[in-house]
Amino acid sequence: MSRLFVSIWCLVALATVGLGQAAVLLGQSEGTFRFVPADVTARLHEVEVSLELPVEFERAAALRDLGLDESDVIAVGKLSYGDPRVPAIGILLARQDTGLGLWVDRNRDRRWQADEAAAAWGSSGTQWTSQLVPALDRAATVDRAAADDSENGENREQPGDVLAAAASPSHDVSAAYPVCFRYDSATGQLFAATAGTREGQVKFNDRECLARYEDRNANGRWFDADDRLFVDLNGDGKINVISERLPCQGMRTIQGTLFAIAGDPLGQTLAITPVLEKGSLIPRLTLSESEAQVLSIGGTLVSHVGVQVAFDRVDQPVEVPVGRWYLRDLWFEVRQDDEQHYRFKFLRSGGSLSVEVRDGSESPFELLGELQLSATVMQVPGGERGGMLSIHPTLTTETGCYLSDARVGRQAASEENRLTSISQFGENPPILGSSGFS
C-alpha cells in the first residue's frame, strides 16, 4: 500500500458539545469590485442541486420543528457555499397550505427553522431566493497574503480552524449573496444560481475597462474554473458576452499579446498582465506502492498573484508565468492489483509550500509530499439549542491541500469512503459516526 492509502482510513475522535454563542461564518468584504444583484427577470446561470442532505443532518427533528412530516416532503438537497470544508447547506422543498415552500439551512446547524423559509422569486410559485453568507475561502486568504511574504517564498499562514479568523475585525461578516432556487416539477430537480454579479474595473493596455465576475457554479466563490470573467477589451464602454468573455484561469492571447489573468475567489480584485517572462512547472505524483498505477489525474496550479493554470498529466512541463506557485486542487484515480480502484480529491487549505519559477526554467512540483492527519474546529449556531462545537479530522499534504473526497471499489472507484470518528461524553457509550472529509 502507498502511504496515501495507509493514512486515509483512520479513526479520529470527534466531539460535539453545546455552546452559548453562535459562530460567525465569514462573508466577503467589499473591495475593488462590488456586488450587483440581478433583477427578477434576469436569465441566471443555474446548476443542479445535489438531491441529498449533508452528513448527519437532523431531518426528522427539523420537520417536526416546522410542523411538517415526511408526506409533505417533495425534495431535499444540499449546496456547498464558500469553503467546501464547512458543512454544506441543507435544502427542503415541501408542501404547505399556501403552496410549495422552500427552507434553506442558512446557519448550517443541520436543521431548518421557521425563519429560514426562502422568499418567493417572481410569480411562478416554483422559484425562491435566500440570502447566503459564504464560509471563509481560506485559499483566497492565502493567495492575497502570499504577495506580501518574505523573499524566501515561505507562507507565514499555517493551517488551522477554517473559521478561526471569524473574529477578526478586518473582515466584513455581514456580506451575503442572494441565491435563487428553482424547482422543475417535470424532472423533480432543484436548481441554484447566484442572483447577481461582482462588477468593477480592471486596467488593460493602460486604460480602465469595465469588468465583471459571474459565479457560474453557484458556490459563493468567484474565480473557479467554471466561473467566467467579462471585460470590455475594445474600450467601447460595453461588454460583449461572446467576444469579451475570459476564462478564470491561465494565460490568454488577446489582440496578439499573451496575458496572464489573475483574480481571487472573493471576486474583489482582477489583473490582466502581459507575460514577459515564463518558465515551466513539472507536476509529479510519488506513490510508495510500486504496483499502483495512476489511471487519470487533473488539478489546478495557482500563483502568488492569483493566476491559475490547469493540468491533466504528470511528468510533463506546464508553461506558466514566473513567480511562486502553489497547488490549489488535485484529483486522481489509481488502480492496484488490476481490480481495486481508488479515487482521491484534494483541495487547498493554506500553509502551502511554494515552488519558484524563474524565466526559462523547468521546476519539478511534487503534488502531495508527506501526509499528516490533523483536525479542524468549527462552531455552528443551533438556534434555541445554543450551538455545537465540532472537531473534524483532516488529512493534509505537505503541499498544503486536504483530503476532500475518497472513493474505492472493484473495477471502478464508486463507493464513498469517509474518515470515520468516535465521540464519547463522560461515561456514555462511544458513538461511531462519519465526520466527512473535513
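Residues numbered from 1 in each chain as written. Predicted model: local features only at pLDDT ≥ 70, side-chain atom pairs only at ≥ 80, totals over all residues. Heavy atoms only, no water.

Q: Can you walk me through the side chain of Asp-227 in this structure?
A: Mapping Asp-227 onto the fold places it in the loop between β13 (207–214) and β14 (228–231). Within polar-contact distance, the side chain of Asp-227 engages the backbone nitrogen of Asp-224 at 3.0 Å. Ignoring anything within four residues of it in the chain, the contact list for Asp-227 reads Glu-214, Asp-215, Arg-216, Asn-217, Arg-221, Trp-222 and Cys-248. (Helix = DSSP H or I, 4+ residues; strand = E, 2+ residues; numbered from the N terminus. Polar contact = N/O pair within 3.5 Å; in protein donor to acceptor, adjacent residues only side chain to side chain. Contact = heavy atoms within 4.5 Å.)

Q: Would you take a moment to explain the environment of Ser-414 for this structure?
A: Summarising the element assignment, Ser-414 is placed in the loop between β29 (401–410) and β30 (415–416). With 71 residues separating them in the primary sequence, Ser-414 and Arg-343 have C-alpha atoms 8.4 Å apart. Not counting the four nearest positions on each side in its chain, Ser-414 is found in contact with Arg-407 and Val-408.

Q: Would you explain the environment of Asp-39 in this entry?
A: Examined against the element boundaries, Asp-39 turns out to sit in the loop between β3 (34–37) and β4 (47–48). For the pair formed by Asp-39 and Gly-122, sequence separation is 83 residues and the distance between their alpha carbons is 9.9 Å.

Q: Teacher, can you tell me more about the pattern of salt bridges here?
A: When the charged atoms of two side chains lie near each other, side chains of opposite charge can form a pair. Summed over all chains, the structure comprises 13 salt bridges. Taking the shortest distance from any N to any O, the salt bridge between Arg-313 and Asp-312 comes out at 3.4 Å. Connected via shared salt-bridge partners are Glu-58, Asp-65 and Arg-111. (Salt bridge = Lys/Arg side-chain N within 4 Å of Asp/Glu carboxyl O.)

Q: Hey, could you run me through unusual backbone geometry in this one?
A: Excluding glycine, residues mostly have negative phi values, and the peptide bonds linking residues are mostly trans. The backbone of Arg-108 shows a phi angle near 60°, a positive value even though the residue is not glycine. The residue Arg-108 is located in the loop between β7 (99–104) and β8 (119–120) in this model. The class of Arg-108 is buried, set by a relative accessible area of 2%. Positive phi, close to 50°, is recorded for Ala-218, a residue that is not glycine. Topologically, Ala-218 is positioned in the loop between β13 and β14. A residue is classified by how much of its surface remains accessible, and Ala-218, at 0% relative accessible area, is buried. (Buried < 20%, exposed > 50% of the residue type's maximum accessible area, 1.4 Å probe, protein only.)

Q: Just checking my understanding: could you explain the sheet that holds β8 for this structure?
A: Across a sheet, strands are paired by hydrogen bonds formed along the backbone, either parallel or antiparallel in direction. Across the sheet, five strands lie side by side as β4-β11-β10-β9-β8; this open sheet has antiparallel pairing. Whereas interior strands pair on both sides, the edge strands pair on one side only; in this sheet they are β4 and β8. With two bridges connecting them, β4 and strand β11 (residues 189–194) associate as antiparallel partners. Bridge assignment links Glu-48 to a residue of β11, and that residue is Phe-191. (Pairing = 2+ DSSP bridges.)

Q: Explain the packing of aromatic side chains here, please?
A: How two aromatic rings sit relative to each other is given by the distance of their centres and the angle of their planes. By the definition in use, this model includes nine aromatic pairs. Note on Phe-35 and Trp-222: the rings are 6.2 Å apart at their centroids and 65° apart in plane angle, and the pair reads as edge-to-face. Taken together, the residues Phe-35 in strand β3 and Trp-222 in the loop between β13 and β14 connect sequence positions 187 residues apart. By relative accessible area, Phe-35 is classed as buried at 16%. Of the residues examined, Trp-222 reaches a relative accessible area of 0% and is grouped as buried. With a centroid separation of 6.1 Å and an interplanar angle of 10°, the aromatic rings of Tyr-342 and Phe-344 are classed as stacked. For Tyr-342, a relative accessible area of 5% gives the class buried. Judged by its relative accessible area of 0%, Phe-344 falls in the buried class. (Phe/Tyr/Trp six-rings, centres within 6.5 Å; stacked < 30°, edge-to-face > 60°.)

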